[in-house]
Amino acid sequence: MTNTLKIALVLAIVIYYIIVLKLLKKGSLSLRYSLIWLIMGLCLAVMLIFPQVLVKICEILGIVEPINGLFTVFIGFILMLLMLLSSIVSRQSDKIKNL
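Values in this document were obtained by computation on a predicted structure and should not be read as measured data.

### Structural notes on the packing of aromatic side chains
Within the structure shown, the criterion is met by two aromatic pairs. Ring geometry for Tyr-16 versus Tyr-17: centroids 5.9 Å apart, planes at 85 degrees, classification edge-to-face. Tyr-16 sits in the partly exposed class, given a relative accessible area of 22%. Residue classification places Tyr-17 among the partly exposed residues on the basis of a relative accessible area of 23%. A ring pair is formed by Trp-37 and Phe-77, whose centres lie 5.6 Å apart and whose planes are at 75 degrees; its orientation type is edge-to-face. You can see Trp-37 sitting in helix α2 (residues 31–49) and its partner Phe-77 sitting in helix α4 (residues 66–98), a full 40 residues away along the chain. Residue class for Trp-37 comes out partly exposed when judged on its relative accessible area of 29%.

Have a look at this one:
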């Protein structure tokens, strides 16, 4: 990974955290739902700073290419997010029915 790409990715992660924190401050995003976004940003930062972590995880899981491991991590994140949002929608639907 080139230094230019690393700098661009670090800037992207900083901007990502600024956006999440601004949404928290405005109240547009509640704290308990923002934790998953903050954890994802932390995972991205760790993989950026220490790319060997991703390589080692891929070796343990038997994934040949680290990029495939990265896609697997992101797909898992998206599935967790979908489950979280589905549970929120279900609870809100039940509350509306009880009104």
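Past the structure itself, the notes keep going.
### Considering the environment of Glu-65
By the secondary structure assignment, Glu-65 is in the loop between α3 (51–61) and α4. Judged by its relative accessible area of 42%, Glu-65 is partly exposed. Separated by twelve residues in the primary sequence, Glu-65 and Val-53 place their C-alpha atoms 13 Å from one another.

### Looking at a nonpolar patch on the surface
A contiguous nonpolar patch, built from Leu-42, Val-46, Ile-49, Phe-50, Val-53, Ile-57, Ile-60 and Leu-61 and spanning about 760 Å² of accessible area, is present on the exposed surface. Counting residues per element, the nonpolar patch draws most heavily on α3, which supplies four residues. By the secondary structure assignment, Phe-50 is in the loop between α2 and α3.

### Describing the environment of Pro-66
With respect to the helices and strands, the residue Pro-66 is situated in helix α4. Considering only alpha carbons, one finds Pro-66 and Gly-76, ten residues apart in sequence, at a separation of 15 Å. In this structure, Pro-66 is in contact with Leu-54, Val-55 and Cys-58, ignoring residues within four places of it in sequence.

### Examining the packing of helix α1 (residues 3–26) against α2
Packing of α1 against α2 brings their axes to within 10 Å, and their N-to-C directions diverge by 170 degrees. As the angle between them shows, α1 and α2 are arranged roughly antiparallel. Contacts between α1 and α2 pair Lys-6, Leu-9, Val-10, Ile-13, Tyr-16, Tyr-17, Val-20 and Leu-24 from the former with Leu-31, Ser-34, Trp-37, Leu-38, Met-40, Gly-41, Leu-42, Leu-44, Ala-45 and Leu-48 from the latter. Of the residues that constitute the contact of α1 with α2, the class distribution is 15 nonpolar, two polar and one charged.

### Points about the side chain of Ser-34
The residue Ser-34 is located in helix α2 in this model. One polar contact links the side chain of Ser-34 to the main-chain carbonyl oxygen of Leu-31, over a distance of 2.8 Å. Here Ser-34 is in contact with Val-20, Leu-24 and Leu-29, once residues within four sequence places are set aside.

Calculation rules
Residues numbered from 1 in each chain as written. Predicted model: local features only at pLDDT ≥ 70, side-chain atom pairs only at ≥ 80, totals over all residues. Heavy atoms only, no water. Phe/Tyr/Trp six-rings, centres within 6.5 Å; stacked < 30°, edge-to-face > 60°. Buried < 20%, exposed > 50% of the residue type's maximum accessible area, 1.4 Å probe, protein only. Helix = DSSP H or I, 4+ residues; strand = E, 2+ residues; numbered from the N terminus. Patch = residues over 30% accessible without salt bridge, like charges linked within 9 Å, V, L, I, M, F, W, Y side chains within 5 Å. Areas by Shrake-Rupley, 256 points an atom, 1.4 Å probe, with all protein chains shown as cover. Salt bridge = Lys/Arg side-chain N within 4 Å of Asp/Glu carboxyl O. Contact = heavy atoms within 4.5 Å. Axes fitted to C-alpha atoms, helices over the stretch in contact; angles between N-to-C directions. Parallel < 35°, antiparallel > 145°, perpendicular 65-115°, else oblique. Nonpolar A, V, L, I, M, F, W, Y, C, P; charged D, E, K, R; others polar. Polar contact = N/O pair within 3.5 Å; in protein donor to acceptor, adjacent residues only side chain to side chain.

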